[in-house]
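Chain by chain, the residues:
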Amino acid sequence: MRLYRLLPVIPAGALVGSGWIANRLEPRILGLPFLLAWIVGWVVATSVVMLIVYRLDARSPNPAIPPTRVEPE
Amino acid sequence: MNAALAIIAASFALALGLGLRARRGRQMSLTEWAVGGRAFGAILIFLLLAGEIYTTFTFLGASGWAYGRGAPAFYILCYGAVAYIMSYWLAPAIWRYARTNDLVSQPDFFAHKYDSRPFGILVALVGVVAMIPYLVLQLKGLGIIVSEASLGAVSPTVAIWLGVIAVVVYVMISGIHASAWTAVVKDILILGVAIFLGLYLPARLHGGIGPMFDTIEAQRPGFLTLPATGQSASWFASTVLLTALGFYLWPHTFGSIYSAKASEAFRKNAIVMPLYQLVMLFVFFVGFAALLEVPGLQGTDADLALLRVSVKTFDPWVVGIIGAAGVLTALVPGSMILMSAATILSKNVILRDAPPEDPRLPRLAKGLVPVIAAVALWFTFRGGDSIVALLLMGYAFVTQLAPALLCSLLPRNPLTGAGAIAGLVAGEATVAWVTIGKVSFASLLPDAPTWVQDLNVGFAALIVNVAAATVVSLVGRRGPARA
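Predicted model only: the values in this text are computed from it and were never measured. (Residues numbered from 1 in each chain as written. Chains lettered and ligands numbered in written order. Predicted model: local features only at pLDDT ≥ 70, side-chain atom pairs only at ≥ 80, totals over all residues. Heavy atoms only, no water.)

J.: Whenever I open this one, a nonpolar patch on the surface confuses me. Can you help?
T.: Residue and element names in this part refer to chain B. Taken together, the side chains of L20, W161, I165, V169, I173 and F381 make up a nonpolar region of the molecular surface, amounting to roughly 500 Å² of accessible area. It is helix α8 (residues 156–174) that contributes the most residues to the nonpolar patch, 4 residues altogether. Within the fold, I173 resides in helix α8. (Patch = residues over 30% accessible without salt bridge, like charges linked within 9 Å, V, L, I, M, F, W, Y side chains within 5 Å. Areas by Shrake-Rupley, 256 points an atom, 1.4 Å probe, with all protein chains shown as cover. Salt bridge = Lys/Arg side-chain N within 4 Å of Asp/Glu carboxyl O. Helix = DSSP H or I, 4+ residues; strand = E, 2+ residues; numbered from the N terminus.)

Following this line, the structure appears as structure tokens:
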């Protein structure tokens, strides 16, 4: 198990839990209510995190995903 | 004919022309027609998936939610990102299995994974039942867009008929190639329109995005944060999770995964798509700008907010471009749904024994396209507002496929075919009961804390689903072993 594969849990958790973590109007960021700015920030972070995972997957010698079995179980 | 109408008509013609041209002398086997011969590159896959995901529901619905409900609308921005994270691993696994086993449709996948034809038929029926209201909603949206943008010069009925005829013709002739090429135009147009409107309207009407939110907060305190009860933080979290689970389980989205040439496309998509879906942010801005400019739209009329504020603000030719973008957001997913439903009915319900290259399959599938379109038309004109309830039920229906999908991708599948069938049946029955009876966690558990009562009731159906699937799988596994 490559630990970096768990990285996306952070943005996913931040987005799913945004109602508990960031349900505020202030501070406003670029004019946006804080809740909306929080969500926008983590959506952008999702892209960055997936790029990191993609790069690390591409660098590792093993195939990124185990080969699929041909036969149905 | 006013300028708006001319531009909308031109976009119709362009979509039809591109759709017809997309065929380019291909021999249309079912694989070619339904999944593009598994030869689409990363960019086409991106456009196709984006084209299916950003529908009239997002264009009109997201602005409508921002207008009508405020902060709860933000969930729309979240679930996509969560779904794309999952797709990084799920989509390549589904794609690889489909390619190795020569699969064409979503029910193929489940029938093959569980080695159970009855399960395949069941998944096929669930998919078709879920897709019809989705198609009806696209058609209704199309009618609204054309009639509003043409200032009533074209009635919704005429617009819907024209739209259906265009889609039926190009789907029958070019299949998924038509959807992909229309999606190219649609995506460029919708991106431009959404960003322009989202920046221009707040600036012009309220002096910028910050001042706009100041005014909203002054007029409607609490509108820009989640309420303490109802659509609260726990509603938000549970709804984001459920919608993300259902995201790729729509049969037409699932099926379009098969059309990729290489699984690399999906991993790249998972990087780009979250950024791309920030377009929704600008759609929210339009909804908020409309709230102050064209107040008073109640209930489902909130979906008209984007068009009403555009008609009030812009010259007809700008409205025409907005309308054209709206028309394409209906045509692309509409064509994918029609094609998927026809493929599923012909391959998984009617001609179950035919191999994918059987020449009868594409003939039958194409023949079913106008039939399915006619059914959707009937519901569009006769269905009334209950269609929104049906759509929500459709989303909940496809989400019930999640346990069977996720388990089938594990190294050792804990579920048997019989277990998967039992889970799906029990889950769907719960969805129907909950939707029709308007049941919620609040009504089921009147004494539970608020955060439990606000949970999306879709979770109840998933729990029932998993429980039934587990019990039947355990019993079934033990039975034959003893005998």
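J.: Explain the packing of aromatic side chains to me, please; I cannot follow it from the model alone.
T.: Any aromatic ring pair is given by two values, namely how distant the centres are and how the planes are angled relative to each other. All names here are of chain B. The tally for this structure, following the rule as stated, stands at 32 aromatic pairs over all chains. Here F74 and F288 contribute two aromatic rings whose centre-to-centre distance is 6.3 Å and whose plane-to-plane angle is 70°, an arrangement assigned as edge-to-face. Of this pair, F74 sits in the loop between α4 (56–69) and α5 (75–100) while F288 sits in helix α14 (residues 279–293), placing them 214 residues apart in sequence. With a relative accessible area of 0%, F74 lands in the buried category. Among the residues examined, F288 registers a relative accessible area of 0% and is labelled buried. (Phe/Tyr/Trp six-rings, centres within 6.5 Å; stacked < 30°, edge-to-face > 60°. Buried < 20%, exposed > 50% of the residue type's maximum accessible area, 1.4 Å probe, protein only.)

J.: Could you clarify how one ought to interpret the interface of chain B and chain A in this entry?
T.: Interface extent is often summarised as the accessible area lost during association of the parts. Tallying the contact residues gives 47 residues for chain B and 37 residues for chain A. Counting the surface chain B buries against chain A, the share from its top three residues, I85(B), W89(B) and I271(B), is 16%. Counting across the chain B and chain A interface gives 1 salt bridge. A salt bridge links R28(A) to D214(B); the shortest N-O distance between them is 2.9 Å. Applying the counting rule to chain B against chain A returns 7 residue pairs in polar contact (both at pLDDT 80 or more). Mapped onto the side of chain B that touches chain A, the elements with two or more residues apiece are α5, α6 (106–113), α10 (209–219), α11 (233–246), α13 (264–276) and α14 of chain B. No other element matches the 11 residues that α5(B) contributes to the side of chain B that touches chain A. (Contact = heavy atoms within 4.5 Å. Buried area = accessible area lost by both parts, 1.4 Å probe. Polar contact = N/O pair within 3.5 Å; in protein donor to acceptor, adjacent residues only side chain to side chain.)

J.: Honestly, the side chain of S116(B) in this entry has me stumped. Any pointers?
T.: Mapped onto the elements of the fold, S116(B) is located in the loop between α6 and α7 (117–149). At 3.1 Å, the side chain of S116(B) and the backbone nitrogen of F119(B) are in polar contact.

J.: Help me understand the packing of helix α1 (residues 9–16) of chain A against helix α3 (residues 34–59) of chain A, please; the structure alone is not making it clear to me.
T.: In a pair of packed helices, the angle between the axes and the distance between the axes together describe the arrangement. Residues and elements named next belong to chain A. Remark: α1 packs on α3, axes separated minimally by 9 Å, with the N-to-C direction vectors making an angle of 160°. In terms of their interaxial angle, α1 and α3 are classed as roughly antiparallel. Of the two possible hands of crossing, α1 and α3 adopt the one that is left-handed. Contacts between α1 and α3 involve I10, P11, A14 and L15 from the former and W38, I39, W42, V43, T46 and V49 from the latter. (Axes fitted to C-alpha atoms, helices over the stretch in contact; angles between N-to-C directions. Parallel < 35°, antiparallel > 145°, perpendicular 65-115°, else oblique. Left-handed = near helix turned anticlockwise from the far one by under 90°.)

J.: Sorry if this is basic, but what is going on with helix α17 (residues 360–382) of chain B here?
T.: Residues and elements named next belong to chain B. The first and last C-alpha atoms of α17 sit 33 Å apart over 23 residues, in line with the 33 Å expected at 1.5 Å per residue. The largest bend in α17 is about 25°, located at V369, with the proline P370 one to four residues further on. All of the buried residues along α17 are L361, P362, A365, K366, L368, V369, I372, A373, A376, L377 and T380. If you follow the buried residues of α17, they end up packed against α2 (30–35), α7, α8 and α16 (316–350). (Expected span 1.5 Å × (residues − 1). Bend = angle between axes of the 7 residues up to and from the residue.)

J.: What is the right way to read the nonpolar core from this model?
T.: Among the nonpolar cores identified, the biggest contains 182 residues, and L36(A), I39(A), F110(B), F213(B), F284(B) and F288(B) are the most heavily contacted of them. Among the elements that take part in this core, α7(B) stands out by supplying 17 residues, more than any other. Among the domains, domain 1 (3–385) and domain 2 (400–483) of chain B are the pair contributing at least three residues each to this core. Those residues in contact with L36(A) that sit more than four places away from it in its chain are F74(B), L77(B), F213(B), L281(B), F284(B) and F285(B). With 10 residues, the next largest nonpolar core counts Y4(A), A12(A), V49(A) and Y88(B) among its residues. (Core = buried A, V, L, I, M, F, W, Y, C linked by side-chain atoms within 4.5 Å. Domains from an automatic or database assignment.)

J.: Before we go on, may I ask you to explain the domain arrangement of chain B in this structure?
T.: Residue and element names in this part refer to chain B. You can read the domains of chain B as domain 1 (3–385) and domain 2 (400–483). For domain 1 versus domain 2, the distance between C-alpha centres works out to 28 Å. With 27 residues of domain 1 in contact, the opposing surface of domain 2 contributes 25 residues. Buried surface at the junction of domain 1 and domain 2, summed over both partners, amounts to about 2100 Å²; 79% is from carbon and sulfur atoms. The tally of links between domain 1 and domain 2 comes to 0 salt bridges. The interface formed by domain 1 and domain 2 includes 8 residue pairs in polar contact (both at pLDDT 80 or more). The dominant element in the side of domain 1 that touches domain 2, judged by the number of residues it contributes, is α11, at 7 residues. Here the residues of the side of domain 1 that touches domain 2 sort into 18 nonpolar, 8 polar and 1 charged. (Nonpolar A, V, L, I, M, F, W, Y, C, P; charged D, E, K, R; others polar.)

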